[in-house]
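Chain residues, written in single-letter form:
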Amino acid sequence: MWIGFAELDYLLGDVHSLKHKRSIVRPIIAEIRHRFSVSAAEVDHLDAHRRTVIGVSVVAADRTHVIDVLDAVERLAAGRPEVELLSVRRRVLSSTDI
């Protein structure tokens, strides 16, 4: 079993309320979940208006599939014009590594 995860660190631009932030972050998370069948959630900067970190995880029998999915998620994350992707931290582990 292979486990992959990524943290997508975003700068959100001209956002002045948590309500406005949610209106930007929720569709990103929903699209990632829907397109790639992965787990995704906001995992950091929960109370900051202009920053967020979205965590994504995938489990598969094949390491190559995990890497391909994380690559595709990263491409989608970088292609969002309304937000700026600052960094991506990724890791792929085998169940024997745990």
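See the structure printed just above.
For clarity, every value in this text was computed on a predicted model and none was experimentally measured. (Residues numbered from 1 in each chain as written. Predicted model: local features only at pLDDT ≥ 70, side-chain atom pairs only at ≥ 80, totals over all residues. Heavy atoms only, no water.)

**Student:** I'm lost on helix α1 (residues 18-36) in this one. Help?
**Tutor:** Side chains three or four residues apart in an α-helix point the same way, a direct result of the helix having 3.6 residues per turn. Over its 19 residues, α1 extends 27 Å from the first C-alpha to the last, a length consistent with the 27 Å expected when each residue adds 1.5 Å. Looking at the buried positions of α1, the neighbouring elements they touch are β1 (2-11), β2 (39-44), β3 (51-60) and α2 (63-78). Ser37 occupies a position one or two residues after α1 and carries a positive phi of about 50°. (Helix = DSSP H or I, 4+ residues; strand = E, 2+ residues; numbered from the N terminus. Expected span 1.5 Å × (residues − 1). Contact = heavy atoms within 4.5 Å.)

**Student:** Any chance you could explain the side chain of Thr52 here in plain terms?
**Tutor:** For Thr52, the position within the fold is in strand β3. Looking at Thr52, its side chain comes within polar contact range of the side chain of Glu42, at 2.8 Å. (Polar contact = N/O pair within 3.5 Å; in protein donor to acceptor, adjacent residues only side chain to side chain.)

**Student:** What should I look at first to understand the pairing of β3 in this one?
**Tutor:** Residues in a regular strand point their side chains to alternate faces of the sheet. With seven of its 10 residues buried, β3 lies for the most part within the structure. Pairing of β1 with β3, which is carried by 10 bridges, proceeds in the antiparallel orientation. Within β3, the position partnered with Phe5 by the bridge is Ser57. Sheet topology note: the β2/β3 ladder contains five bridges and is antiparallel. Its bridge partner lying in β3, Asp44 is registered against Val53. Where β2 folds back on β3, the antiparallel hairpin that results is connected by six residues, among which His45 adopts a positive phi of roughly 55°. (Buried < 20%, exposed > 50% of the residue type's maximum accessible area, 1.4 Å probe, protein only. Pairing = 2+ DSSP bridges.)

So yeah, pure geometry; function would need other evidence.
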